[in-house]
Amino acid sequence: MKPAVILYKKLPDDLYARLAEQCDVTEISDLSPESQQQHAAVFQQAEGLLGSGGKVNGELLAKMPNLRVCSSVSVGYDNFDVDALNQRHVVLMHTPTVLTETVADTMMALVLSTARRVPELDAWVKAGNWQKSIGPAQFGIDVHHKTLGILGMGRIGMALAQRAHFGFGMKILYNARREHEEAQSRFGAQRCELEALLKQSDFVCISLPLTEETHHLIGAAELELMKPDAVLINAGRGPVVDEQALIAALQAGKLHAAGLDVFEQEPVSADSPLLSLPNVVTLPHIGSATHETRYGMMQDAVENLIAALGGSVEKNCVNPQALK
Ligand SMILES: NC(=O)c1ccc[n+]([C@@H]2O[C@H](COP(=O)([O-])OP(=O)(O)OC[C@H]3O[C@@H](n4cnc5c(N)ncnc54)[C@H](O)[C@@H]3O)[C@@H](O)[C@H]2O)c1
Ligand SMILES: O=C(O)[C@H](O)CO
């Protein structure tokens, strides 16, 4: 008998067919309490869960007594309670690597567009304001040969460093618990304390996961340390930055700009002051959102689920110890 699987994400036809070949699939819209209630019998039986978004916590797991594998279409897994999964011997699979280069591209796009004020000046031109030669009021700041500080020197941080160092001749700083030998040898990257990184960087780029330790890692005191013409880029998770403190710093003119792909609340509220500050570039959490990469992530998530249901967790598993 095929294992019962709940799918809470739309898959392309070929990937759906691949999943259905191996599993008995029930497709639901999301993991909301209404969905859980409506499909209570399926939740009781399901051995696998595949999708993205929505909280997977002890309460949900209690409704899924037969669950063995969760497969997330994402690399970040802060919406999963890993302790609760471990207690129930449920393995969590995710999609690292396939999205790394695309997210680094997005971060570089935020670096360039904040420095050179691309969205702001695009709107300015389209509003008919370009009546004579531009002057200092339209100038930006250079990116090339500046200092880029990375918080979260993992897969995405390394791909960003590669772009910044080889493409733009930038000096790379990073903050990490351990020395990153590859970052040092490939990019001449220097490890430094958070305080030193904030003080020295022209661009502070966040590609950190959200954990208890990283929650509000960047608050008022940290923003105060940044150079007045520095830029903050966040493509890790919104709550790594204290958004109220960031708004206050931007309103007080303490930073050149901010580039945000992630927010404390998503979607960001329409009345957030971030949306009316001209020097803030906002994106709707599109770090990995290209056709090619999103397909690759879904393909990996399907293969991860099938492999893990078959007992293989060598690749892309967050908590292989849960099997023991
Ligand atoms: N915006 C997007 O669409 C998008 C897309 C993909 C990933 N992300 C986010 O980016 C994160 C990183 O992805 P990755 O594939 O590079 O993961 P990764 O595990 O390779 O890298 C994360 C790095 O952060 C470091 N780190 C963790 N806690 C730290 C701390 N307190 N201080 C210093 N360093 C710390 C880790 O040691 C690791 O090197 C994901 O967890 C996710 O939250 C966002
Ligand atoms: O973690 C990830 O993969 C991205 O943020 C998409 O959710």
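Looking up the chain in an unreviewed UniProt entry gives the name Glyoxylate/hydroxypyruvate reductase B, with the organism given as Candidatus Pantoea gossypiicola. For the record of the chain, the UniProt heading Sequence similarities (unreviewed entry) holds the text "Belongs to the D-isomer specific 2-hydroxyacid dehydrogenase family. GhrB subfamily."

It is worth spelling out the sheet that holds strand E3 (residues 48-51) at this point. Strand order in the open sheet made by the five strands is E2-E1-E3-E4-E5, with parallel pairing throughout. Only two strands of the sheet have a single partner each, and these edge strands are strand E2 (24-27) and strand E5 (91-93). Neighbour-to-neighbour, the strand axes of the sheet open up by a mean angle of 20°, direction not taken into account. Here strand E4 (residues 69-72) runs beside E5; their pairing, made up of three bridges, is parallel. Counted as the bridge partner of Ser71 is Met93 from E5.

Enumeration over the complete set of coordinates arrives at zero disulfides. The closest cysteine sulfur to the non-disulfide-bonded Cys23 is located on Cys70, 13 Å from its own sulfur. Using a relative accessible area of 3% as the deciding quantity, one classes Cys23 as buried. No disulfide involves Cys70; its sulfur sits 11 Å from that of Cys317, the nearest cysteine. Judged by its relative accessible area of 1%, Cys70 falls in the buried class.

What counts and what doesn't
Residues numbered from 1 in each chain as written. Chains lettered and ligands numbered in written order. Predicted model: local features only at pLDDT ≥ 70, side-chain atom pairs only at ≥ 80, totals over all residues. Heavy atoms only, no water. UniProt positions renumbered as here; feature names shortened; annotations may be inferred. Pairing = 2+ DSSP bridges. Helix = DSSP H or I, 4+ residues; strand = E, 2+ residues; numbered from the N terminus. Axes fitted to C-alpha atoms, helices over the stretch in contact; angles between N-to-C directions. Disulfide = S-S within 2.5 Å. Buried < 20%, exposed > 50% of the residue type's maximum accessible area, 1.4 Å probe, protein only.

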